[in-house]
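The chain contents come next:
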Amino acid sequence: MSLKIQSNFNDEGNQWEIKAIGDVDISTAPKLRDCLDAALQDKKANIVLHLEELNYIDSTGLGVIIGTMGKMKEYENQIMLVNPKENIKKLLNITSLDRILCPKI
Amino acid sequence: MTDILKFSIPGKPEYVGTVRLAVSSLANCAGFDIEAVEDIKVAVSEACTNVVCHGKSNRDDCYEVACEISEERIIILVIDRAGGYDMSQYQRPVMDNPKEGGLGIFIIKALMDEVDIFSELGMGTSIKMVKYLNRL
């Protein structure tokens, strides 16, 4: 059970490109929160969270994303999830978070 | 034939993943398809996360996960002595205005065929989850 995060700022698109690899659960959610907080502290911009290599996320991970979305609202920035796997898509769908977080699904 | 397996787990975040793997392996062996195994895995993980997150007991205290496997279903019980909570305070999440917490129980109920939660304030909580094999 581990989580790796690659975080890059895309100057051209003026947005964060953050890739989560592995599992986000109660033990790794703080790492995701720290990374998202650090990015926004560095530069206030939209965040694109790439999920193609994310195998698992639970309510604590979704909670971190919801919390980040709330913090970003103040600056009118958005967080967007792209390329979730089927199992994660299902979770986003039953919680209806896909409507707010995944414009491309 | 019914088999019962019991695990006793310290209430620490790092072991929730271990329970998840163990139970999904059991569900897989019991003949559930990939999507159902995934549902069971997420539901059990959410139930354990609830104990670890909201429990008031010492993290060294153990909670119990019991799995009852038969030909037609799997029953999973997650039982803790972590202080319990007042079930009447539970609010179904409002998805147009999502909050950070409160998603766990909602997700469990959406993924499993039957869910019963018993909680006694000052004592503990038990979550019983059932998934049927071959239910369309």
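Note that the structure is predicted; figures quoted are calculated from it, not measured.

This part takes up the overall build of chain A. Each helix and strand counted, chain A has 4 helices and 5 strands in total. Helices and strands appear in chain A in the N-to-C order β-β-α-β-β-α-β-α-α. The principal-axis extent of the C-alpha atoms belonging to chain A is close to 30 × 25 × 25 Å. In chain A, buried positions account for 38% of the 105 residues. Restricting the contact set of chain A to residue pairs at least 6 apart, pairs at least 24 apart contribute 67%.

Chain B puts 20 residues into the contact, and the matching count from chain A is 18 residues. Listing elements by their share of the side of chain B that touches chain A, those giving two or more residues are α1 (16-29), α2 (34-54) and α3 (103-111) of chain B. Here the side of chain B that touches chain A gets 7 residues from one element, more than from any other, and that element is α2(B). Of the residues contributing to the side of chain B that touches chain A, the split by class is 10 nonpolar, 5 polar and 5 charged.

This paragraph deals with the sheet that holds strand β4 (residues 114-120) of chain B. All names here are of chain B. One open sheet accounts for 5 strands, arranged β1-β2-β3-β5-β4; its pairing is antiparallel. Two strands lie at the open edges of the sheet, namely β1 (3-10) and β4, each paired on one side alone. Across this sheet, the average inter-strand angle for adjacent strands is 10°, counted without regard to direction. When β4 meets strand β5 (residues 124-132), the two strands line up antiparallel, connected through 7 bridges. Residue V115 lies in a different strand from β5, and its bridge partner there is M129.

Below, the discussion takes up the pairing of strand β5 (residues 79-82) of chain A. All names here are of chain A. Alternating positions in β5 separate cleanly, I79 and L81 being buried on one face and M80 and V82 remaining unburied on the opposite face. As defined by bridge partners, strand β3 (residues 46-50) adjoins β5 across 4 bridges and the pair is classed as parallel. Directly across from L49, in β5, lies its bridge partner L81.

This part is about α2(B). Residues lying three or four places apart along an α-helix face the same way, a consequence of the helix completing one turn every 3.6 residues. In this model α2(B) runs 30 Å from its N-terminal to its C-terminal C-alpha over 21 residues, within 8% of the 30 Å that 1.5 Å per residue would give. In terms of burial, α2(B) is a largely internal element, 17 of the 21 residues being buried.

Counting 60 residues, the largest nonpolar core has B:I40, B:A43, B:V44 and B:V78 as the members making the most contacts within it. When residues in this core are grouped by element, the largest group, 10 residues, is from α2(B).

Before going further, it helps to examine the pairing of strand β2 (residues 15-24) of chain A. All names here are of chain A. For strand β1 (residues 3-10) and β2, the ladder comprises 8 bridges, and the chain directions are antiparallel. Bridge pairing in β2 places N10 opposite Q15. Between the antiparallel neighbours β1 and β2 lie 4 residues, among them N14 with a positive phi of about 55°. Where β2 meets β3, 5 bridges bridge the pair, whose relative direction is parallel. Within the sheet, the bridge partner assigned to I18 lies in β3 and is L49.

Definitions and limits used
- Residues numbered from 1 in each chain as written.
- Chains lettered and ligands numbered in written order.
- Predicted model: local features only at pLDDT ≥ 70, side-chain atom pairs only at ≥ 80, totals over all residues.
- Helix = DSSP H or I, 4+ residues; strand = E, 2+ residues; numbered from the N terminus.
- Buried ≥ 20, exposed ≤ 12 C-beta atoms within 10 Å, placed from the backbone.
- Contact = placed C-beta atoms within 7 Å.
- Nonpolar A, V, L, I, M, F, W, Y, C, P; charged D, E, K, R; others polar.
- Pairing = 2+ DSSP bridges.
- Axes fitted to C-alpha atoms, helices over the stretch in contact; angles between N-to-C directions.
- Expected span 1.5 Å × (residues − 1).
- Core = buried A, V, L, I, M, F, W, Y, C linked by C-beta atoms within 7 Å.

Geometric values such as these leave the question of function open.
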